[in-house]
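Examination of the molecular architecture
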Amino acid sequence: MRLFMCVALFSIAGCSKLECGLGTAEVDGVCEIQAPANEADADTDADTDADTDADTDADADTDTDCTELTGYIDGDGDGFGDPSQPVIACVLPSNAVLVALDCDDADATAFPGGTEICDAADNDCNGAVDDRPTDGTIWYADSDGDGDGNAAVQVVACSAPTDFVATGGDCDDSDDTVTTESQFYGDADGDGYGDASWVVIACHPPVWALTDDTDCNDLDADVYPGAPPRWDCEDTNCDGVYSESVVVPDDFSDLQVAIDNADDGEAICVRSGHYGAITLAGRLLTIGAREGATVIIDAAGLGRAVEISGASEIELAGLEITGGFHASQGGAGIHTSGSTVLTLTDVRVHHNNAVGTGGGLYAETGSFVDASDSVFEHNGSGSTGGGIRAHDVMLTRVEIANNFADTSGGGLRSTGAAVLRHVDIIGNSVDGLGGGLSGTGSLDAQWLRVIGNAADDRAGLGLYNGGGTVRNAIIAGNLCYESTPSACAAEFRDMLVENVTVAEPLYAAGDGGGTLSHDVDIDNSTVRNTFFGGMATSHPNLVLSRTPSLEYVAWEFAGNSVEGTGTGTPSVLLPRFVRVDGVPPVLYDFHLQSTSGLIDAGDPSITDVDGSRSDIGAYGGPGGDW
């Protein structure tokens, strides 16, 4: 007989009750094969019929033999047995199964392939507790420690692993200053203000994008919140209104009507077009052309183009003023009277003619004119000041060219204080005195060019009784055509003349013939670091009055001469200018070649821009880099 016993890691008391198969029975905890009923008789006859008994036993053994199965007790009924409780039988008991993979036979939720949940148990029998739980939380890697994780790197777990957080969406997990993507705005014009219509969603903004969205014109770098106003008839500071108060022709088609309807202190912006003559009396206004526009105020020969009177403060900007004509008085282009203050910026005054004084501009005594970046050309006067006739005037970066006057000041005639900076007075003419400029007041000029003008007398710079200062100036190529002119090039009276080049005066005798008296009058003035060149030796070149002082003065020829008495004597030095021959005077270049005798020949107490001793001439001294 064969015994089948309960073998376990547990005590026998802990084994389940055996259920024995067919042909067996439990005997003291062991399934034993039961003999057939006639076996007792066979035993009884054993002594007398041994061979028969043996045959019977053999037959019994053959008939009761089976295929044995190995099973395992499935105590929790989850279909997986306890490998520690095997059962070997021809027919397995009902609480045994063939698969012995259960990791916890007391828990029906724990078996191979089971659903892992957060319960501190190994539900799927893979040897790990609570791994990949179906009811776990998604955790995101937080490499930069900013509290937001990288959505692309995630795990599912019952609790947060180290360096993982519950919040995803970090757009840059290497930068703890950035978590989620933000909205930025393109800045096409680079003015530091973004365009609200150009939205960029990004973790880090591109170099051309900003957080600001307040630019009202992202194609113009000069337009942004708080931008200074300009003449453009637009909202340049993004406050929702025009930078100028009145726009022509948007608000008023006629410029004069716009002026009449504007309040004092307002600005009028004018778009391109032709407009008629305007009048302003006792007004405080600014009138300017839209940037890039062509705005022409044309009197069409019917009177003055611009008339300003009373206690007015007027600024004109970006305009052309033309077509003025006055048959009896002056100021055909612009006329100011009273205590007017007139500011001109980027204004062109041209082709105006007056029988009286000031063809282009006439500012009467009491008025003040401040003009910059402007041009006065092709104007005419039957009296004085072909281009400008003014009392007190300041000109900066102004060109006065090709104007004509009948008696004095072909280009400029001033009777008060004239302050000139970077002014070109070129190609003007007068039948009388001062082809380029003349005056009875004071003159304070620096970086001045008086070139190619013509007059009966004093073709370049005429009489200024009020004295003044002239520094870094060129007076050259001016033509006298009186039969016996005096001071053909210039007259300096009661002035300081420093680092000036006076050169190449021209003389053409009038109808009666005659001779040139002299080139330059120097009356009670100090002339320093100045060169007189290209002057003929057939007549006195400098006429001195009231003992002027000549300090570090030079001229070109040994035959040049002085008439009168002063202190100091000009030296003879070869100037070697860059270009003075074979070209019109306006193309003369009075810079010095490296071999010029005027280099470092000036007053040693005055230095050039490079710190060296002053050169003689217009490009020497501290203001010589113009």
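Coordinates for the structure precede this section.
Anyway, here's the lowdown on the structure attached to this text. Note that the coordinates shown come from a computational prediction; the quantities given were computed from them, not determined experimentally.

Quick look at the packing of aromatic side chains
Any two aromatic rings considered together are summarised by their centre-to-centre distance and by the angle between their planes. Scanning all chains against the criterion turns up seven aromatic pairs. A ring pair is formed by F80 and F111, whose centres lie 5.7 Å apart and whose planes are at 5°; its orientation type is stacked. In this pair, F80 is assigned in the loop between β3 (69-73) and β4 (86-89) and F111 in the loop between β5 (96-97) and β6 (137-141), connecting sequence segments 31 residues apart. Note on F80: relative accessible area 18%, which makes it buried. With 5.6 Å between their ring centres and 75° between their planes, F531 and F577 make a pair best called edge-to-face. Here the residue F531 occupies a position in strand β45 (residues 531-533), and F577 occupies one in strand β51 (residues 577-579), the gap between them amounting to 46 residues. Assigned by exposure class, F531 and F577 land together as buried. The rings of F531, F577, Y588 and F590 are connected pair by pair, giving a single aromatic cluster.

A few points about the environment of S525
Along the chain, S525 falls in the loop between β43 (520-523) and β44 (526-528). Judged by relative accessible area, which is 2%, S525 ranks as buried. Placed 57 residues apart in sequence, S525 and G468 show a C-alpha to C-alpha distance of 9.5 Å. With sequence-adjacent residues up to four places away left out, S525 is seen in contact with F492, R493, D494, M495, P548 and S549.

Side note on the sheet that holds strand β8 (residues 164-165)
The strand order β7-β6-β8 describes an open sheet built from three strands, whose pairing is antiparallel. Strands with a single pairing partner mark the edges of an open sheet, and in this sheet they are β7 (150-157) and β8. Here two bridges tie β6 to β8, and the two strands are oriented antiparallel to one another. Each bridged residue has a counterpart across the sheet, and for Y140 the counterpart in β8 is V165.

Here's the deal with the pattern of salt bridges
Overall, the coordinates contain 20 salt bridges when judged by the stated rule. The partner of R348 in a salt bridge is E377, with the nearest N and O atoms 2.7 Å apart. Of this pair, R348 sits in strand β24 (residues 348-350) while E377 sits in strand β27 (residues 375-377); the two residues are 29 residues apart in sequence, bridging distant segments of the chain. Overall, the relative accessible area of 15% leaves E377 in the buried class. Here D424 makes a salt bridge to R449, at a shortest N to O gap of 3.1 Å.

Parameters at a glance
- Residues numbered from 1 in each chain as written.
- Predicted model: local features only at pLDDT ≥ 70, side-chain atom pairs only at ≥ 80, totals over all residues.
- Heavy atoms only, no water.
- Phe/Tyr/Trp six-rings, centres within 6.5 Å; stacked < 30°, edge-to-face > 60°.
- Helix = DSSP H or I, 4+ residues; strand = E, 2+ residues; numbered from the N terminus.
- Buried < 20%, exposed > 50% of the residue type's maximum accessible area, 1.4 Å probe, protein only.
- Contact = heavy atoms within 4.5 Å.
- Pairing = 2+ DSSP bridges.
- Salt bridge = Lys/Arg side-chain N within 4 Å of Asp/Glu carboxyl O.

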